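Read off the chains here:
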Amino acid sequence: MSRPPTSRETPLAAGWACGAGGSYRERMPPDAAQFSWVRTAVLWQARRDTQARLFGDPSLRRRRRWVALARSRGADPGLVVDRSELAAPSFAVLGDTGEGDASQYAVVPPLLAAAGDTDFMLVASDVVYPAGAKDEYAAKFLHPYRDYGAPIFAVPGNHDWYDGLEGFMACFCGLPRPLEGGRAPVQPAPYFALDTGPLRIVGIDVGILGRLDAAQGAWLRRVAYGREVPKLLVSGKPIYANAAHDALPIKGGGTVDEIVRDPRARFVAALAGDVHNYQRYPVDIGGRTVQYVVSGGGGAYTNETHSI
């Protein structure tokens, strides 16, 4: 008895023989440009990683200023967003989204088909490439997701920090003033806890190099142990990716992964972007399993899932 060919055997089975172009092109503005990482101007804008490794990560210092501004403007002292009315929340998580070209728009129709009626969306890092510029949010965030009607939350990635987080904070937190023509700000700061009825989602800001300052570390411990419900971590950089482990150090001692692994904190999963594909690592920790997930296929160029 013959079997149908697999995706490894024929272009048709792999989905490469489409009869028509994708409908996503109808969503693209007529002036949308192809994004390229082999342009000198783009590489210059993305130089901040190298500077941070040589001279220190400025996000550790600037993050404290943003959080202080948020609290001075009346943000919840614990940086908690109350959505406890959601008894059975549904939400989408995608990371590494905003190049503003076909690679981003091609993901939008399946996103809306699969998650268009969810209660909210979470963007796990790198909302806008190459450097999180405020004037690029219209083309690389607002326009692509204009048909998604629910709130969108986000944690910043390294590229979002290249402009000092100015664009990110205006868009998602309304600080120091809301983004002109943008969505209503929905979160208090670059890190926050989102409380639904059965689940607490903890979004952390790991800056450019994947590190937490001491103040955010103390806050993380409070929200991790402060509510007796299962928890989900969302981060701009993964704890496990490409078979490597980064525990995400906290200034002053300890790591994010120590908290995730502590059974008292009740974390069930840790999701992140930064690596542009999907990966999942179920890790057995004392008889319980924590799922470490890379959700980086949100729209920017996609990496291979294995390398030779």
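Fair warning: this is a prediction, and the values are worked out from it, not measured in the lab.

K.L.:
Give a detailed account of the pairing of strand 6 (residues 200–203), specifying residues and quantitative values.
P.N.:
Taking every second residue as pointing to the same face, both faces of strand 6 are buried, with Arg200 and Val202 on one and Ile201 and Gly203 on the other. In this sheet, strand 6 lies alongside strand 5 (residues 192–196) in antiparallel orientation, the contact comprising four bridges. In the strand pairing of strand 6, Leu194 is matched with Ile201. Hairpin connection from strand 5 to strand 6: three residues lie between these consecutive antiparallel strands. Looking at chain direction, strand 6 and strand 7 (residues 231–235) are connected through four bridges and run parallel. Opposite Ile201, over in strand 7, you have Leu232 as the bridge partner. In this view, the connection linking strand 6 to its parallel neighbour strand 7 by way of helix 8 (residues 214–225) has right-handed handedness.

K.L.:
Lay out a positive patch on the surface in plain terms, naming residues and giving numbers.
P.N.:
Together, Arg61, Arg62, Arg64, Arg65 and Lys251 make up a positively charged patch on the protein surface. Position of Arg61 among the secondary structure elements: in helix 3 (residues 59–72).

K.L.:
So what's going on with the side chain of Ser235? Residues and values would help.
P.N.:
Counting through the fold element by element, Ser235 comes out in strand 7. Ser235 gets classed as buried once you look at its relative accessible area, which sits at 1%. In terms of polar contacts, Ser235 uses its side chain to reach the backbone carbonyl oxygen of Lys237, at 2.8 Å. Excluding residues that lie within four positions of it along the chain, Ser235 makes contacts with Ala124, Val155, Ile204, Val206, Leu248, Leu271, Ala272 and Gly273.

Cut-offs and rules
Residues numbered from 1 in each chain as written. Predicted model: local features only at pLDDT ≥ 70, side-chain atom pairs only at ≥ 80, totals over all residues. Heavy atoms only, no water. Buried < 20%, exposed > 50% of the residue type's maximum accessible area, 1.4 Å probe, protein only. Helix = DSSP H or I, 4+ residues; strand = E, 2+ residues; numbered from the N terminus. Pairing = 2+ DSSP bridges. Right-handed = clockwise from strand over helix to strand, strands pointing away. Patch = residues over 30% accessible without salt bridge, like charges linked within 9 Å, V, L, I, M, F, W, Y side chains within 5 Å. Areas by Shrake-Rupley, 256 points an atom, 1.4 Å probe, with all protein chains shown as cover. Salt bridge = Lys/Arg side-chain N within 4 Å of Asp/Glu carboxyl O. Lys, Arg positive; Asp, Glu negative; His and termini not counted. Charge placed at Lys NZ, Arg CZ, Asp CG, Glu CD. Polar contact = N/O pair within 3.5 Å; in protein donor to acceptor, adjacent residues only side chain to side chain. Contact = heavy atoms within 4.5 Å.

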